[in-house]
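Observations on chain architecture
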Amino acid sequence: MKNKSFFKGKVAWITGASSGIGEALVNELAKREAIIIASSNDLAGLERVKAGCSGHSENISCVPFDLADTSGLSQIVDKQISRFGRIDYLINLGGISQRARIDETPLWLDRKIFEVNYFGTITLSKAVLPHMINQKSGHILATSSISGRFGFPLRSAYSASKQALHGFIETLYLENKKNNLRASVIIPGRVRTAISIHALNAEGKEYGKLDEGQANGITPNQAALTIIKGIIRNKREILVGSSELIMLHIRRYFPWLFFRIADRIKST
Ligand SMILES: NC(=O)c1ccc[n+]([C@@H]2O[C@H](COP(=O)([O-])OP(=O)(O)OC[C@H]3O[C@@H](n4cnc5c(N)ncnc54)[C@H](OP(=O)(O)O)[C@@H]3O)[C@@H](O)[C@H]2O)c1
């Protein structure tokens, strides 16, 4: 295993740790002997992930909270700091997707998706940041999406909330590189997880289907290994996926082509 000792003894806080990419990242960082704080809103799911890391589970603490309810987050952060003394990596993976057109999406649903994807992520990051500034080191990552780089049918609030994270993380980096901090955005394309199943429809209920895109995506484990490589190489943007990532280049260099074809790509 390359760079095996890179994460040994480092404190890594992972949100979205109860399934998908977050679960795979917990497994991989546990193997690398990191000290892991695993968070999501599902304690039973976190305990299952912890139990699955045989031989390393004593290094994993389950800290559940709802990203949509940030009122107690700073106390949660203070508790982890007094327990571990520091946070070396904050890897924000928790998030929720959407499968509803703009004209059928009520405003409360736009706000709900922003609460989880944007405000939950930045509240936790802002609570951890002063501790990283104090310790003069640390790496904060937030997870966007390829549709955080462009609009995409049925994903208006999702795309917008992910685009907002780019502005936040880039600013955090520019303000804090003098403090020796690192900041990166993870940009997944299609990864075989339950993200589409848990996506919210126009009524705010689970969409409940595994989309073709996710079904044909890379595995969560491949995604986790790419993220680990990106962290080690200190990449500002960590691209995670396969051939679908070409859409990022098409949007950037051939926008006319993007707008001609993007609505013909299967969005469910
Ligand atoms: N899979 C893809 O193709 C893909 C593509 C682009 C971007 N992404 C992004 O990658 C990240 C990880 O997603 P995934 O693919 O691994 O999907 P996933 O398996 O559905 O994982 C989502 C994670 O977010 C957590 N979460 C959702 N709502 C929460 C809330 N209110 N409070 C706390 N935790 C919450 C879930 O935990 P609970 O058990 O508590 O619900 C779960 O652990 C997400 O930010 C997603 O937007 C994924």
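Here we come to helix H4 (residues 107-135). With 29 residues, H4 should reach 42 Å at 1.5 Å per residue; the first-to-last C-alpha distance of 40 Å fits that figure. Count one or two residues on from H4 and you reach Lys-136, which has phi positive near 60°.

Attention now goes to the sheet that holds strand E7 (residues 237-240). One open sheet accounts for seven strands, arranged E3-E2-E1-E4-E5-E6-E7; its pairing is parallel. Strand pairing shows two members of the sheet lacking a second neighbour, strand E3 (60-62) and E7, which therefore form its edges. Going from strand to strand, the sheet's axes swing by 15° on average, the running direction of each strand aside. With four bridges joining them, strand E4 (residues 89-92) and strand E5 (residues 138-143) adopt parallel strand pairing. Paired with Ile-91 across the strands is Leu-141, a residue of E5. Seen against the sheet, H4 touches strand E1 (11-15), E4, E5 and strand E6 (181-188) and runs at an angle of roughly 170° to E4. Here helix H5 (residues 156-176) sits on the sheet and contacts E5, E6 and E7; the angle it forms with E6, its principal contact strand, is near 160°.

Quick look at the side chain of Ser-125 now. Tracing the sequence through the fold places Ser-125 in helix H4. Among all residues touching Ser-125, those that are not within four sequence positions of it are Leu-90, Asn-92, Ile-140 and Phe-168.

Contacts to the ligand come from 30 residues, most closely from Ser-18, Ser-19, Asn-41, Tyr-158 and Thr-193. Within the backbone of Gly-189, a nitrogen or oxygen atom sits 3.4 Å from an oxygen atom of the ligand. Within the side chain of Gln-214, an N or O atom sits 2.8 Å from an oxygen atom of the ligand. Contact with the protein chains hides 90% of the accessible area of the ligand, taken as 870 Å² for the molecule alone. When contributions to the shell around the ligand are tallied by element, the ones reaching two or more residues are helix H1 (20-31) and H5.

Okay, the packing of H1 against helix H7 (residues 220-232) next. Across the interface, H1 lies against H7 with an axial gap of 8 Å and an inter-helix angle of 60°. Judged on the interaxial angle alone, H7 and H1 are oblique. Where H1 crosses over H7, the handedness of that crossing is right-handed. Contact with H1, carried on its side by Gly-20, Ile-21, Ala-24, Leu-25, Glu-28 and Leu-29, involves Pro-220, Asn-221, Ala-223, Ala-224, Leu-225, Ile-227 and Ile-228 of H7 and no other residues of that element. In the contact of H1 with H7, the residues fall into ten nonpolar, two polar and one charged.

Core analysis: the largest hydrophobic core is formed by 38 residues, its most contacted members being Trp-13, Ile-87, Leu-124 and Val-128. Of all elements in the fold, only E1, helix H3 (73-84), H4, E5, H5, E6 and helix H8 (246-253) reach the threshold of two or more residues within this core. Among the elements that take part in this core, H4 stands out by supplying eight residues, more than any other. For Trp-13, the contacting residues outside a window of four places in its chain are Ile-37, Ser-39, Phe-65, Ile-76, Val-77, Gln-80, Ile-87, Tyr-89, Leu-90, Ile-91, Leu-124 and Val-128. Of all hydrophobic cores here, the second largest spans 32 residues; its members include Ile-14, Leu-93, Ile-186 and Val-240.

Relative to the elements of secondary structure, His-139 occurs in strand E5. Looking at His-139, the relative accessible area reads 1%, which means it is buried. Looking at His-139, its side chain comes within polar contact range of the side chain of Ser-184, at 2.7 Å. When sequence neighbours within four positions are dropped, the list of residues in contact with His-139 reads Asp-88, Tyr-89, Leu-90, Met-132, Arg-182, Ala-183, Ser-184, Ile-231 and Asn-234.

The rules we used
- Residues numbered from 1 in each chain as written.
- Predicted model: local features only at pLDDT ≥ 70, side-chain atom pairs only at ≥ 80, totals over all residues.
- Heavy atoms only, no water.
- Helix = DSSP H or I, 4+ residues; strand = E, 2+ residues; numbered from the N terminus.
- Expected span 1.5 Å × (residues − 1).
- Pairing = 2+ DSSP bridges.
- Axes fitted to C-alpha atoms, helices over the stretch in contact; angles between N-to-C directions.
- Contact = heavy atoms within 4.5 Å.
- Near = heavy atom within 4 Å.
- Polar contact = N/O pair within 3.5 Å; in protein donor to acceptor, adjacent residues only side chain to side chain.
- Areas by Shrake-Rupley, 256 points an atom, 1.4 Å probe, with all protein chains shown as cover.
- Parallel < 35°, antiparallel > 145°, perpendicular 65-115°, else oblique.
- Left-handed = near helix turned anticlockwise from the far one by under 90°.
- Nonpolar A, V, L, I, M, F, W, Y, C, P; charged D, E, K, R; others polar.
- Core = buried A, V, L, I, M, F, W, Y, C linked by side-chain atoms within 4.5 Å.
- Buried < 20%, exposed > 50% of the residue type's maximum accessible area, 1.4 Å probe, protein only.

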